Amino acid sequence: MILLINRVLKVFPDMASKINNENIWINNNLDDIYYYEVYMNSEEYAEEMMERMEAETEYYAEHPEELESMEETEEDKLHRKINEAIWAGKVDIIKKYFPEIDKNNKQIQSELTWSVAKDVMKDKELRKMYHEKYGMKYKMRKEKR
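Note that the coordinates shown come from a computational prediction; the quantities given were computed from them, not determined experimentally.

**Quick look at the overall build of the protein**
When you go through the protein residue by residue, the secondary structure sums to seven helices and zero strands. At 27 Å, the protein has a C-alpha radius of gyration far larger than the 15 Å of a compact globule built from 145 residues. Judged by the C-alpha coordinates and their principal axes, the protein covers about 80 × 50 × 25 Å. Across the protein, the fraction of contacts at a sequence separation of at least 24, relative to all contacts at a separation of at least 6, is 58%. As displayed, the protein offers around 12200 Å² of accessible surface, 54% of which is attributable to carbon and sulfur atoms. In the protein, 24 positive and 32 negative side-chain charges are present, and the distance between their average locations comes to 21 Å.

Structure below.
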């Protein structure tokens, strides 16, 4: 019985340190927790966002030249579609838009060599298209550790 009580007593300092660590984490992140869990779901936040949206609408009505600079170009749309297809693993979408890629667009070429794209780039036809577009065999970029 004494051995059992001794083992139980040895657990308490360990539990106390775990509780202390949790309390420290909660104290450090309390502002973030409040903001994301409480404030963002409040009416005050919704009203503030509505006022902000109205102010932005007014501003862009007075300065339409700045609104045009925010519009997506065709290249941006293509980049977004290919990036979404890489993340979703949709080979057929990438094949569809691949001929539209500018050969000099190194950003899309770089994204196709990410480790995320390895599943998509297993397709032989897509690898062939890559080779024809960029003039080099497809290689996966190695991650630095």
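**What about the confidence of the model for the protein?**
Averaged over every residue, the pLDDT of the protein is 83; the share at 70 or more is 92%. Of all the helices and strands in the protein, helix α3 (residues 64-70) carries the lowest mean pLDDT, 71, while helix α2 (residues 43-62) carries the highest, 92.

**Focus: the pattern of salt bridges**
Evaluation of the coordinates by the stated rule reveals five salt bridges. E56 is the salt-bridge partner of R52, the closest N and O atoms lying 3.6 Å from each other. Within this pair, R52 and its partner E56 are both found in helix α2, separated by four residues, close to a single helical turn. A residue is classified by how much of its surface remains accessible, and E56, at 39% relative accessible area, is partly exposed. Notably, a salt bridge pairs K95 with D123, separated by 3.1 Å at the nearest N-O pair. Highlighted residues: K95 in helix α5 (residues 91-97) and D123 in the loop between α6 (106-112) and α7 (124-134), separated in sequence by 28 residues.

**A word on a negative patch on the surface**
A grouping of E43, E44, E47, E48, E51, E54, E58 and E62 is seen on the molecular surface, where their side chains present a negatively charged patch. Looking at the element boundaries, E43 is found in helix α2. Take E43: its relative accessible area is 63%, and that puts it in the exposed class.

**Describing the nonpolar core**
If you look at the biggest cluster of nonpolar residues, it comprises 19 residues, and the most contacted ones within it are F98 and L126. Put simply, the parts of the chain that give this core at least two residues each are α4 (74-88), α5, α6 and α7. Apart from the residues within four sequence positions on either side, F98 is in contact with L112, L126, M129, Y130, K133 and Y134.

Definitions and cut-offs
Here the residue index of a chain counts from 1 through its sequence in written order. Selection of residues for local features in this predicted model requires a pLDDT of at least 70, selection of side-chain atom pairs for listing and counting requires 80 or more, and totals for whole chains, interfaces and linings are taken over all residues. To obtain the side-chain values, all non-hydrogen atoms of the structure were included, while hydrogens and water were left out. Helical segments are the DSSP runs of H or I of at least four residues, strand segments are the runs of E of at least two, and each set is numbered from the N terminus. Atoms counted for the radius of gyration: C-alpha only. Globule rule: 2.2 Å times the number of residues to the power 0.38. Whether two residues touch is decided by their heavy atoms; if any such pair falls within 4.5 Å, the residues are in contact. Per-residue accessibility takes into account occlusion by the displayed protein chains alone, with areas from the Shrake-Rupley method and a 1.4 Å probe. In this charge count, Lys and Arg are treated as positive and Asp and Glu as negative; neither His nor the chain ends contribute. Where a charge lies is defined by one atom per residue type, namely NZ (Lys), CZ (Arg), CG (Asp) and CD (Glu). In predicted models, pLDDT denotes the confidence assigned by the predictor to each residue on a 0 to 100 scale. When a carboxyl oxygen of Asp or Glu is within 4 Å of a side-chain nitrogen of Lys or Arg, the pair counts as a salt bridge. Exposed residues in this analysis have more than 50% of their type's maximum accessible area, buried residues have under 20%, and partly exposed residues fall in between, with area computed by a 1.4 Å probe over protein chains only. For patch building, the residue pool is restricted to those with more than 30% relative accessible area and no salt bridge; the joining distance is 9 Å between like charges and 5 Å between nonpolar side chains (Val, Leu, Ile, Met, Phe, Trp, Tyr). As used in this record, nonpolar core signifies buried Ala, Val, Leu, Ile, Met, Phe, Trp, Tyr and Cys residues forming a set joined through side-chain atoms within 4.5 Å.

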